[in-house]
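Structural characterization, general
Here is what each chain is made of, one letter per residue.
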Amino acid sequence: MRKLPKLTPQKSASVGPTNGHAAQNLNTTTTTIGKPSPHESAKLHLTGAALYIDDIPTPVGCLHAYVGMANVACGLLKSQNLSSVASALGVVDVITAKDVPGHIDIGPVFGGDPLLVEEQINYFGQPLFAVAAISRDAARKAALLGHAVIDSTPPLLSLEQAQINNKKVRPSHSLVKGDSAVALQKSMHRLTIDQQVGGQEHYYLEGQVCLAIPQENGGVLVHSSSQHPSEVQKLVAEVLALAMHKVVVDTRRMGGGFGGKETQAAQWACLAALLAVRNQKAVKLRLARSDDMALTGKRHPFVNQAQVGFDDAGRITAVSAELNGLCGSSADLSDAIVDRAMFHTDNAYYLPAATITGHRWFQNTVSNTAFRGFGGPQGMMLAEQMMDDVARTLGKDPLLIRQTNLYGQHERNLTPYHQIVKGVDLERIIDELVESSEYWARRQAIRSFNKNALKHGGRYVKGLALTPVKFGISFTAMFLNQAGALVHIYTDGTVQVSHGGTEMGQGLYTKIAQVVAAELGLPLESIEVTSTRTDKVPNTSPTAASSGTDLNGQAARNAVLTIKQRLIEHIVATYQADAEAIIFNDGLVSWPSHSLAFAELTQEAYMARISMSATGYYRTPKIHYDRQKAKGNPFFYFSCGASVSEVEVDTFTGTYTVARVDILHDVGESINPAIDVGQIEGGFIQGMGWLTTEELVWGQDGRLQTNGGASYKIPAVGDTPKQFNVALLKNSKNHEATIYHSKAVGEPPLMHGISVWSALRDAIWAAGDEQTNPQLNTPATPERVLWALEAVKASIVGRA
Ligand code: MTE
Ligand code: HPA
Ligand code: MOS
């Protein structure tokens, strides 16, 4: 034990108790909070040493599984002859729906997702059987040898067909505020919007994969690339007719999830686990990219329609909107996704009267699922088109119309779902961004560039747009807003923490380690965040809704506070120290008269028989929502930001470049600015890709044509804006007690991509001499841009 010079106790400055947990004994300096620490696995990612599931050394005798797929999108499976599959080289086992001992339906909320087809085939490629073989090649080859007798019927693929047949996966639902019909009638101006918003493939770098290893006594250990290990555990247990305590799911990391592994990792895990237990051999199932694209759901395409009323100042007076989500062939998460689209049809704008109806339409395509933003982006697209269209109708700059309609000016703060908008800094964010991006100067320069191009037959036009984002933070399914953690402190003063959240590259583990390190006053190296396992923390929520740090950070902190309390009590009893004066900092625990290395304290505590292990739990306060009434506070708070994009469009070809992007985003008090900026950059690029180059095309037969990187174009490094300025808002007025006053960052930045789409429309509008408001459905591929250019040019010619 060392004597140290007297240290003044330091109260954690910006670190308030956030959840009614004991307010005392928080004495640490928060050295690791707010530091741009690299991702905990950065070196492993870069060197290739990070273990993804396919990198885990395969156990001896490991089998490889694959699925046999339907070659029609709709029909009835009458029979299958799988003898050629069974007798193929290297095949060990073949299973169909009949071999499932427990539940066949693995639908996450409502059902409708059979593990293997029983009779009804709903989409092209739907798995009819699974095969296990001694190598992956052998399994894939054998999977092609099935003979199925199918009564096929023409697939239902379009919204129109779904509407004619009134085929929905869930009932429609509405948000109502005021009387929009009357308000529309009374409005000075009205316009109609009809927009098509495309879907999106997740294109995670690590595809769907699972390794299942049988355990003694009938159990199974499942390594799953899943955002929701607890759900995989439950479904594996149900499919195998096992109790949940026989199943352990382990997820160390995903090579990206983006929502695509919230529910849809389960099918592959259940198949691998079933084959593993049947054969008492480890089984790995890893989909090929083309099959991953064909067999897993995507972002929902939407067709949005609205009637918008507004006044001479461009203030919205009423909106009546219909959102049509194209859900694919089952409910999956579509109820909540279309709800979230409806919750974001206002985006950042006050709608005095609104009726917003969301429909969940069926198609004979694989069931669409969660994707970064979870429907929010598709709803927001309508709000942003409203702003641009109102502006062009009145001949005003769209930015002014956006500012005029923002929430929060003079009590204009009630959403269509009757939550009061609080704690958003949108006005200031936009003001600061207008300034830093030199919006008005560039607007003038671009306008004269375009006028000049028009006059002299120039080939290029430019466009500029500023769009805000206001994104509601919380799961809209209330019960999901909870989290647990487990913390162990060892006698050498090092710490292991496990929590319910999963790491998919977003930096959650890094932030959790920072939280634990800060509370114990330890360097980051002393903290090991171990893989997410259902035997460490039970009954967890998916890592989704951007809530990973908010929920698990608080749970981990609560676990640490419990242990810290015990350590402090020990010090008080042993050294007669004043509890309030004990601080944890720099690997030391000190109070005015004395100091101990943390590792000395833990050794001492062990000898004194003090438990240094604890669980922590957290549930989000204040939220409540009555879906029947469509009223309440579904969101704890909002995450906001804004972006300005400038594009240059080649009017001969419709191709374009994004010249400059400025983003200002409010992450509250950032726990890790490097990670947050990374999330903002990545989210923006992913959103830009969604709205511009990423196009999904299905054939008449319902087969996905764009099933690889050659035909499905995600943004490449060369598509990064030449100038790309990302800044975090300073002095955020975060009003809620979030973990260290940070705000969720995962999904919201995706929606900054909307400014690229809006800037493209701006450029096209200019190419038509500001006469015709262009229709631009997404993805705004060069073809669609060219068609829009032709349409606006035709109208100039028409007039001339
Ligand atoms: N970032 C990376 N690198 N990879 C991902 O898969 N998923 C996004 C976002 N950022 C994702 C990502 C999605 S859809 C969500 S909901 C959040 O991360 C989930 O993590 P969080 O709640 O910890 O932010
Ligand atoms: N966001 C993301 N995932 C979800 C949600 C949500 O609001 N609800 C259920 N799963
Ligand atoms: Mo994110 S779409 O909530 O997984």
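Use the structure listed above.
Moving on, we get to the overall build of the protein. For the protein, the count of helices and strands is 19 helices and 29 strands. Taken over C-alpha atoms, the radius of gyration comes to 28 Å for the protein, in line with the 28 Å a tight globule of 800 residues would show. Expressed as lengths along the three principal axes of its C-alpha atoms, the size of the protein is roughly 90 × 75 × 50 Å. Looking at the 800 residues of the protein, the share that counts as buried comes to 61%. Residue pairs in contact within the protein that sit at least 24 positions apart in sequence constitute 81% of those at least 6 positions apart. Counting only carbon and sulfur atoms, one obtains 53% of the accessible surface of the protein, whose full area is about 29200 Å². Of the side-chain charges in the protein, 70 are positive and 74 negative, and the distance between the mean point of each set is 1 Å.

What the second largest pocket holds in volume is close to 710 Å³. Along its surface, the second largest pocket is lined by 24 residues, and Gln196, Pro301, Leu326, Leu696 and Trp698 are the ones closest to its centre. Only helix H4 (159-164), strand S8 (189-197) and strand S13 (302-310) provide two or more residues apiece to the lining of the second largest pocket.

This paragraph deals with the packing of aromatic side chains. With the rule as written, the count across this model stands at 12 aromatic pairs. Ring geometry for phenylalanine 343 against tyrosine 625: centres 5.3 Å apart, planes inclined by 80°, an arrangement best described as edge-to-face. One end of the pair, phenylalanine 343, is in helix H9 (residues 334-343); the other, tyrosine 625, is in strand S25 (residues 624-626), and 282 residues separate them in sequence. Judged on exposure class, the residue phenylalanine 343 and its partner tyrosine 625 are both buried. Centroid distance phenylalanine 684 to phenylalanine 724: 5.4 Å. Interplanar angle 50°. Geometry classified as tilted. One end of the pair, phenylalanine 684, is in helix H17 (residues 673-691); the other, phenylalanine 724, is in strand S29 (residues 723-728), with 40 residues separating them in the sequence. Here phenylalanine 684 falls in the buried class, since its relative accessible area comes to 0%. Aromatic rings pair up to connect Phe343, Tyr417, Tyr625, Phe635 and Phe638 into one cluster. Lying across the ring of tryptophan 690, arginine 299 places its NZ or CZ 4.7 Å from the centre.

Okay, the sheet that holds strand S9 (residues 209-214) next. Taken together, eight strands build an open sheet; the order of strands is S3-S5-S1-S12-S9-S10-S11-S20 and the sheet is mixed. Each edge of the open sheet carries a strand with a single partner, namely strand S3 (91-95) and strand S20 (532-533). Inspection of the sheet shows strand S1 (residues 63-69) paired to strand S5 (residues 127-133) by six bridges, in the antiparallel sense. Residue pairing in the sheet places histidine 64 in a bridge with alanine 133 of S5.

It is worth spelling out the sheet that holds S8 at this point. What the five strands build is an open sheet, ordered S7-S15-S14-S13-S8; its pairing is mixed. This sheet does not close on itself; its edge strands, each paired only once, are strand S7 (168-177) and S8. The mean inter-strand angle of the sheet, taken between neighbouring strand axes irrespective of direction, is 10°. Note: strand S14 (residues 316-326) against strand S15 (residues 354-361), eight bridges, orientation parallel. Paired with asparagine 324 across the strands is histidine 359, a residue of S15. The strands touched by helix H10 (residues 376-394) are S8, S13 and S14; relative to S8, the strand with the most contacts, the crossing angle is about 140°.

The next point concerns the nonpolar core. One broad trend across soluble globular proteins is that nonpolar side chains are buried collectively. Formed by 138 residues in total, the largest nonpolar core has its most connected members in Val308, Leu466, Val516 and Val649. Of the residues forming this core, the biggest block, nine residues, is contributed by helix H15 (residues 548-575). In this structure leucine 466 touches Leu399, Arg402, Ile430, Leu433, Val434, Tyr439, Ala642, Ser643 and Val644, once residues within four positions along its chain are discounted. In terms of nonpolar packing, the next biggest core, distinct from the first, is built from 61 residues, Leu77, Ala97, Ala237 and Ala273 among them.

So, about the site of ligand 1. In the vicinity of ligand 1 there are 18 residues, among which Gly257, Phe258, Met504, Gly548 and Gln679 approach most closely. Between ligand 1 and phenylalanine 258, the relevant distance is 2.9 Å, taken from an oxygen atom to a main-chain nitrogen or oxygen of the residue. One of the backbone nitrogen or oxygen atoms of serine 546 is found 3.5 Å away from an oxygen atom of ligand 1. Protein burial of ligand 1: of its 530 Å² of free accessible surface, 92% is covered by the chains.

Glu262, Arg340, Phe374, Phe475, Thr476, Leu480, Ala544 and Ala545 make up every residue found near ligand 2. A distance of 3.2 Å is found between an oxygen atom of ligand 2 and a side-chain nitrogen or oxygen belonging to arginine 340. Classifying every residue of the shell around ligand 2 by side-chain character gives five nonpolar, one polar and two charged.

Next up on the list: the environment of arginine 340. Relative to the elements of secondary structure, arginine 340 occurs in helix H9. Taking C-alpha positions, arginine 340 is 8.5 Å from glycine 373, a pair spaced 33 residues apart along the chain.

Here we take up the pairing of S15. Counting buried positions over the eight residues of S15 gives seven, a clear majority of the element. Read as a crossover between parallel neighbours, the route from S14 over H9 to S15 is right-handed.

On to empty space enclosed by the protein. Scanning the model with the defined rule gives four cavities of 30 Å³ or more in all. Roughly 250 Å³ of internal volume is contained in the largest cavity. As for the largest cavity, its lining consists of 21 residues, and the residues nearest its centre are Ile106, Asp113, Tyr123, Gln264 and Gln267. If one sorts the elements of the lining of the largest cavity by residue count, helix H7 (residues 266-279) sits on top with three residues. Class assignment of the residues belonging to the lining of the largest cavity gives a composition of eight nonpolar, 11 polar and two charged. Here the second largest cavity is characterised by a volume of approximately 80 Å³. Contributing to the lining of the second largest cavity are Ile473, Ser474, Asn481, Ser547, Asp550, Leu551, Gln554, Tyr618, Thr620, Phe636, Thr738 and Ile739. The greatest single-element share of the lining of the second largest cavity, amounting to three residues, is contributed by H15.

So, how was this worked out
Residues numbered from 1 in each chain as written. Chains lettered and ligands numbered in written order. Predicted model: local features only at pLDDT ≥ 70, side-chain atom pairs only at ≥ 80, totals over all residues. Heavy atoms only, no water. Helix = DSSP H or I, 4+ residues; strand = E, 2+ residues; numbered from the N terminus. Rg over C-alpha atoms; globule rule 2.2 N^0.38 Å. Buried < 20%, exposed > 50% of the residue type's maximum accessible area, 1.4 Å probe, protein only. Contact = heavy atoms within 4.5 Å. Areas by Shrake-Rupley, 256 points an atom, 1.4 Å probe, with all protein chains shown as cover. Lys, Arg positive; Asp, Glu negative; His and termini not counted. Charge placed at Lys NZ, Arg CZ, Asp CG, Glu CD. 1 Å grid on protein atoms, 1.4 Å probe; cavity = no way out; pocket = protein on both sides within 12 Å on 5 of 7 lines; lining within 4 Å. Points joined across faces, edges and corners; volume = space filled by probe spheres on them. Phe/Tyr/Trp six-rings, centres within 6.5 Å; stacked < 30°, edge-to-face > 60°. Lys NZ or Arg CZ within 6 Å of the ring centre and 35° of its normal. Pairing = 2+ DSSP bridges. Axes fitted to C-alpha atoms, helices over the stretch in contact; angles between N-to-C directions. Core = buried A, V, L, I, M, F, W, Y, C linked by side-chain atoms within 4.5 Å. Near = heavy atom within 4 Å. Polar contact = N/O pair within 3.5 Å; in protein donor to acceptor, adjacent residues only side chain to side chain. Nonpolar A, V, L, I, M, F, W, Y, C, P; charged D, E, K, R; others polar. Right-handed = clockwise from strand over helix to strand, strands pointing away.

Limitation: the analysis is restricted to geometry and does not speak to function.
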